[in-house]
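The residues making up each chain are set out below.
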Amino acid sequence: MNTDVVLEAREVSVQYPGTLALDSVSFRLHRGKVSALIGENGAGKSTLVGVLAGIVRPTRGRLRMDGVEVSLDSVRRADALGIGIIHQELNLCPNLSVAENIFLARELTRHGVLDKRGQQERARRLLARLEQPIDPTALVGDLPLGQQQIVEIAKALARNVRVLMMDEPTSALSAGEIAVLFRIIRDLAAHGVAVVYISHRLEELLEISDYVSVLRDGRMVAEAAAADVDARWLVEKMTGRPAGSEETAGAARSGPELLRVEGLSLTLPSGRPVLQGVSLSLHAGEILGVYGLMGAGRTELLECLMGLHPEVAGSVFLDSRRLGRLHTSARIAAGMAIVPEARQVDGLVPSISVLANMTLSGLAKFSRGAWLSPAAERTAAAQMVNGLRIKTAGLGLEIGSLSGGNQQKVIIARCLLTGPRVLLLDEPTRGVDVGAKREIHSIIRRLAEEGMGVILVSSELEEVRAAAHRIVVMSRGRVTAEFAASQATDSALAEAAS
Amino acid sequence: MTPAALLFRLRALIVLFALAAVFAWMSPAFLTAGNLTILVKHVAINAILAVGMTFVILSGGIDLSVGSVAGLAGIIAGGLLHSGLVLRPAGVVVYFHSWLVVVLALLAGALVGAANGLLVAQLRVAPFIATLGSLYAARGAALLISNGATFPNLAGRPELGNTGFLSLGAGAFLGLPVPIWLMLAFATAGAFLAGRTPFGRRVYAVGGNERAAVLSGVRVKQVKFAVYVISGFCAAMVGLIIAAQLASAHPATGETFELNAIAAVVLGGTSLMGGRGSIGGTIIGAFVIGVLADGLILLGVSEFWQIVIKGLVIIAAVILDQMQQQYTRRMAAALRS
């Protein structure tokens with residue numbers, strides 16, 4: 001028996017009503033090694049991690065820790081065994097301090113009284129070990145996302161984890177923050193922690209991990225040492241089909257100017273300038289990539305274009321018509337639409353159906369007099385389901401029943417149903433699997449070919465380079481560079497963004 | 001839909017019929033035309049309030065002021081009918097036609113709702129606080145107008161041309177009392193507004209995810225404003241019905257009515273978090289409360305026990321609601337993977 005194996009799942013199956021989420025999967029975690037887990041959405045990654053963290057109970061199969069059979073029937077039990085998990089959505093209380101978050105539910109006490117000073121001191125030591133100068137008394141809500149992620153890690157370290165699972169830890173991080181995170185992961189591994197790393201970013205995943213395991217449709221289809229494989233191999237195993245040559249957008253057959261932005265400047269009420277004189281133009285049939293790191297002002301730029309910050313200075317022209325302080329709904333009527341960055345937070349309405357989510361923006365189009373016409377709604381939605389290849393078991397179901405990629409397509413459909421001429425996409429493929437990502441890219445290309453102007457905001461180099469005709473780079477609220485897609489290189493883009 | 005899901009969805013209706021069956025079996029008086037008419041007339045009061053409340057709760061808010069608004073509307077109508085509008089400088093007293101009085105009182109209710117709406121939508125006051133404030137303010141206004149007294153004898157006088165108000169409470173049409181017709185009208189209008197118009201869909205969206213609604217082009221402030229106006233209007237209607245039934249207007253009318261209305265909405269399966277629920281459910285919820293109260297009275301259960309039982313039923317309903325949502329989420333997760 002391999003003594004290096006800390007935690008092991010043996011032929012674990014998880015049966016949900018109507019679907020087998022995991023089918024006899026075996027998975028080993030090695031001491032001091034980083035094991036990457038990849039697969040398209042719905043492949044069973046989260047379920048497997050859930051089993052290992054005591055969140056999901058397996059229908060069949062066994063779990064062994066240090067060679068001894070264990071039953072992880074609760075998160076507390078997993079916690080007690082030193083198994084920690086950091087979810088994609090951070091589980092922190094923004095209203096509490098860093099130290100209070102780190103020691104949440106296992107507060108240090110002295111004679112039954114909270115030992116604030118002791119907690120702060122230990123938090124400070126933990127953060128020092130992570131080489132992060134975060135003030136333990138700062139409120140978590142005041143920290144940037146990258147530092148919040150560090151706090152999550154510190155929280156896990158405070159519990160002396162032996163196994164740490166991270167579900168897409170970098171999806172919201174900038175390149176600099178990712179570098180810090182990777183250093184920490186390597187340090188943890190060097191201290192003997194077994195790390196499970198889930199990500200959709202293949203290059204990044206190959207860089208950090210020692211082993212990769214690929215899940216597809218609930219089965220473990222491939223395992224390899226990371227050093228022996230490349231991104232192409234991963235994509236092939238994930239999708240089960242050979243990787244085609246990567247399509248790129250090529251040069252645009254661009255038409256007349258649709259949108260012109262002149263000198264947009266925005267200062268937040270806190271006094272922080274987020275946009276400083278941003279100017280750009282967008283032509284019909286063109287996909288304009290906007291690349292930048294977190295905090296570069298990309299999202300704020302799109303928000304200003306949609307009229308969310310009436311206090312913004314500068315001008316936006318749609319078809320040479322100045323938009324001024326036009327309300328969001330009027331901008332949509334004028335031909336603009338946005339697919340927002342955080343699907344769950346800004347995009348979906350979880351309590352209503354797939355259909356209602358899809359038709360929300362274009363309701364006026366589906367009305368006959370004062371009434372909504374269910375027939376008109378259904379016809380339009382059915383066209384979108386076909387056109388965008390949205391996989392849904394029924395339009396009347398809750399939106400939560402769709403996978404991430406299909407949820408994103410529903411939001412794209414919502415935009416398209418308003419008949420936009422300018423489409424703003426903010427990280428449209430974040431948290432969606434490789435297959436859906438490709439499909440979304442081809443949808444964007446098709447829309448541009450039909451004459452729509454598209455602004456594609458992304459923090460993935462690969463994405464802007466593959467999908468955009470022209471790329472502008474933003475950094476600290478300014479446009480710092482502009483490239484034709486054919487001339488952009490990773491290093492030039494990264495340099496302009498930093 | 002699986003049978004289990006169907007049972008869950010229809011739970012309020014099942015509870016309603018089960019309660020009715022038990023009471024019918026235990027008390028021969030329950031299923032008599034006389035008792036049922038009284039029962040439905042009681043339900044009508046709460047149901048109309050709850051229709052307005054449903055819109056507010058669907059939008060993610062709450063309206064605590066409805067009871068006070070009912071009281072205020074009743075007092076305004078009572079004052080105008082009984083003492084007229086005194087124009088002091090001119091030394092004239094103006095009496096309005098009773099239907100104009102009704103319209104004015106309804107407008108007053110809508111106006112309080114508009115104030116709530118402005119506070120919530122424009123000034124971003126938490127709905128609980130904004131409507132708690134107007135709960136006091138409207139009640140105080142009612143007491144000020146009547147100086148704490150009751151306006152009696154709202155029948156009106158033929159020589160003043162303001163008779164007819166009482167038919168709102170005591171009248172009948174095609175054998176059904178007017179309040180029941182009004183409930184049917186409000187419920188139908190509410191159900192169509194919520195389920196079949198763009199406005200209704202937007203209310204759900206605002207309650208379900210306000211940010212998403214904004215970015216989808218929903219004018220969130222307008223929607224929020226409108227739901228409080230609707231609620232105020234419904235509350236005023238209730239105040240008028242009660243004043244007409246009693247033929248007098250008392251400034252304390254409607255105290256704690258907001259709680260019954262919220263209970264009906266919740267029993268009907270509408271989520272207090274907003275974005276989920278229906279007018280149909282609310283009407284069933286109002287009937288559950290009404291049948292429970294009526295049945296327990298017929299069985300001679302102590303008034304105090306009735307209150308305890310009502311509380312327990314509401315808690316049980318919310319627990320069931322939680323169970324259903326967990327079940328739906330599990331089904332959704334299963335579909336996703």
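Below you will find a few notes about this structure. (Residues numbered from 1 in each chain as written. Chains lettered and ligands numbered in written order. Predicted model: local features only at pLDDT ≥ 70, side-chain atom pairs only at ≥ 80, totals over all residues. Heavy atoms only, no water.)

1. Focus: the nonpolar core
We count it as follows: We call a set of buried residues a nonpolar core when its members are Ala, Val, Leu, Ile, Met, Phe, Trp, Tyr or Cys and they connect through side-chain atoms within 4.5 Å of each other. Relative accessibility decides the category of a residue: with a 1.4 Å probe and only protein chains considered, values under 20% of the type maximum give buried, values over 50% give exposed, and everything between is partly exposed. Contact criterion: two residues are considered in contact whenever any of their non-hydrogen atoms come within 4.5 Å of each other.
Ranked by size, the top nonpolar core spans 153 residues in total, and within it M358(A) and F165(B) carry the most contacts. If sequence neighbours within four positions are ignored, F165(B) has contacts with A77(B), L81(B), S98(B), V102(B), L154(B), L240(B), A243(B) and A244(B). Among the nonpolar cores identified, the runner-up in size contains 39 residues, and L127(A), V161(A), A189(A) and I208(A) belong to it.

2. Comments concerning unusual backbone geometry
Residues and elements named next belong to chain A. Under the convention used in this document: Strands here are runs of E lasting at least two residues and helices are runs of H or I lasting at least four, both read from the DSSP assignment and numbered beginning at the N terminus.
Its identity is not glycine, yet R389 carries a phi of approximately 50°, on the positive side. For R389, the location among the structural elements is in the loop between α13 (374-387) and α14 (404-416). Take R389: its relative accessible area is 55%, and that puts it in the exposed class. Even without being a glycine, E427 presents a positive backbone phi close to 50°. With respect to the helices and strands, E427 occurs in the loop between β21 (422-426) and α15 (434-449). On the basis of relative accessible area, E427 is assigned to the buried category, the value being 2%.

3. Some thoughts on the environment of F27(A)
Residue and element names in this part refer to chain A. Position of F27 among the secondary structure elements: in strand β2 (residues 19-30). The class for F27 is buried, based on a relative accessible area of 2%. With 18 residues separating them in the primary sequence, F27 and A9 have C-alpha atoms 5.1 Å apart. Contacts of F27, omitting those with residues within four sequence positions, involve L7, E8, A9, S35, L37, L48, L52, V196, S213 and M220.

4. A few points about a nonpolar patch on the surface
Going by this rule: Exposure above 30% relative accessible area and the lack of any salt bridge qualify a residue for a patch; like charges then connect within 9 Å, and the nonpolar side chains Val, Leu, Ile, Met, Phe, Trp and Tyr within 5 Å. To be clear on the numbers: accessible area is Shrake-Rupley with a 1.4 Å probe, and residue cover counts the displayed protein chains and nothing else. We define a salt bridge as a contact between a side-chain nitrogen of Lys or Arg and a carboxyl oxygen of Asp or Glu at a distance within 4 Å.
Where nonpolar side chains cluster on the molecular surface, the patch consists of W305(B), V308(B), L312(B), I315(B), I319(B) and M323(B) and spans about 610 Å² of accessible area. With respect to the helices, strands and loops of the structure, M323(B) is situated in helix α14 (residues 303-336).

5. Section: the sheet that holds strand β17 (residues 321-322) of chain A
Residue and element names in this part refer to chain A. The line we're drawing: Here a strand pair is declared whenever DSSP counts at least two bridges between the two strands. Fitted lines through C-alpha atoms give the axes, limited to the stretch in contact for helices. The angle between two N-to-C directions lies from 0 to 180 degrees.
If you trace the four strands from one edge of the open sheet to the other, you get β14-β13-β16-β17, paired in antiparallel fashion. The open sheet terminates on both sides in strands that have one partner only, identified here as β14 (273-283) and β17. As judged from the five bridges shared by strand β13 (residues 257-267) and strand β16 (residues 313-318), these two strands associate in the antiparallel manner. Counterpart to V261 in the pairing with β16 is V316. With respect to the sheet, helix α9 (residues 298-305) is in contact with β13, β14 and β16, its orientation differing from that of β13 by roughly 115°.

6. A closer look at the interface of chain A and chain B
Where we set the bar: Summed over both partners, the accessible surface that disappears when two parts come together, traced with a 1.4 Å probe, is what is meant by buried area. Pairs of N or O atoms are called polar contacts if they sit within 3.5 Å, as long as, within protein, a hydrogen donor faces a hydrogen acceptor (for residues adjacent in sequence, only side-chain-to-side-chain pairs).
In this assembly, 43 residues from chain A lie in contact with 27 residues from chain B. In total, about 3,000 Å² of surface goes out of reach between chain A and chain B, with carbon and sulfur atoms giving 61% of it. Our count for the chain A to chain B interface comes out at four salt bridges. Its salt-bridge partner being R276(B), residue E398(A) comes within 2.8 Å of it at the nearest N-O pair. Linking chain A with chain B are 12 residue pairs in polar contact (both at pLDDT 80 or more). Among the elements of the structure, β2, α10 (328-334), α11 (343-347), α12 (354-359), β20 (371-372) and α13 of chain A are those that each provide at least two residues to the side of chain A that touches chain B.

7. A word on the environment of V193(A)
All names here are of chain A. One can find V193 in the loop between α6 (175-190) and β10 (194-198). C-alpha separation for the pair V193 and V6, spaced 187 residues apart in sequence, amounts to 9.0 Å. Here V193 is in contact with G32, K33, V161, R162, V163, L164 and L188, once residues within four sequence places are set aside.

8. Points about the packing of aromatic side chains
Keep this limit in mind: In summary, the pairing rule links any two rings of Phe, Tyr or Trp, Trp by its six-membered ring, whose centres are within 6.5 Å, and it sorts them by plane angle into stacked for under 30 degrees, edge-to-face for over 60 and tilted for everything else. Charges are assigned to positions over rings by a cutoff of 6 Å between ring centre and Lys NZ or Arg CZ, combined with an angular limit of 35 degrees from the ring normal.
Across all of its chains, the model carries six aromatic pairs over all chains by this definition. Note on W371(A) and F192(B): the rings are 5.3 Å apart at their centroids and 55° apart in plane angle, and the pair reads as tilted. With W371(A) in strand β20 and F192(B) in helix α8 (residues 178-196), this pair bridges two chains. Directly above the ring of F317(A) sits R260(A), whose terminal nitrogen or CZ lies 4.7 Å from the centroid.

9. Some remarks on the packing of helix α4 (residues 66-82) of chain B against helix α11 (residues 220-246) of chain B
Residue and element names in this part refer to chain B. Stated precisely, the cut-off is as follows: Every angle not falling under 35 degrees, over 145, or within 65 to 115 is termed oblique; those three ranges are roughly parallel, roughly antiparallel and roughly perpendicular. Less than a right angle of anticlockwise turn of the near helix away from the far helix marks a crossing as left-handed, whereas a clockwise turn marks it as right-handed. Think of it as three bins: nonpolar holds Ala, Val, Leu, Ile, Met, Phe, Trp, Tyr, Cys and Pro, charged holds Asp, Glu, Lys and Arg, and polar takes everything else, Gly as well.
Close contact between α4 and α11 brings their axes to 7 Å; oriented N to C, the two are set at 55°. Taken as axis vectors, α4 and α11 run oblique relative to one another. Considering only the axes of α4 and α11, their crossing is right-handed. Along its contact with α4, which presents V66, V69, A70, A73, G74 and A77, the element α11 presents S231, G232, A235, A236, V238, G239, L240 and A243. A class-by-class count of the residues in the contact of α4 with α11 yields 10 nonpolar, four polar and no charged.

10. Details of the sheet that holds strand β11 (residues 211-216) of chain A
Residues and elements named next belong to chain A. Here we have six strands laid out as an open sheet, ordered β6-β9-β10-β3-β11-β12, and mixed in their pairing. Because the sheet does not close on itself, it has two edges, and the strands there are β6 (83-86) and β12 (219-225). Between one strand and the next, the sheet's axes are offset by a mean angle of 20°, whatever the strand orientation. The pairing of β11 with β12 spans six bridges and is classified as antiparallel. If you follow V212 over to β12, its bridge partner there is A224. Lying over the sheet, helix α1 (residues 45-52) contacts β3 (34-38), β6, β9 (163-167), β10, β11 and β12, oriented at roughly 135° with respect to β3.

11. Here we look at the packing of helix α5 (residues 98-122) of chain B against helix α6 (residues 127-146) of chain B
Residues and elements named next belong to chain B. Contact geometry for α5 and α6: axes closest at 9 Å, N-to-C directions at 145°. Handedness of the crossing formed by α5 with α6: right-handed. Only P127, A130, T131 and S134 of α6 make contact with α5, whose side of the interface consists of V112, N116, L119 and V120. Taken together, the residues that form the contact of α5 with α6 break down as five nonpolar, three polar and no charged.

12. Considerations on the side chain of S281(A)
Residue and element names in this part refer to chain A. Along the chain, S281 falls in strand β14. Among the polar contacts made by the side chain of S281, one reaches the side chain of E257 at a distance of 3.4 Å. Beyond its immediate stretch of four places on either side in the chain, S281 contacts E257, L259, R260, E286, L288 and R470.

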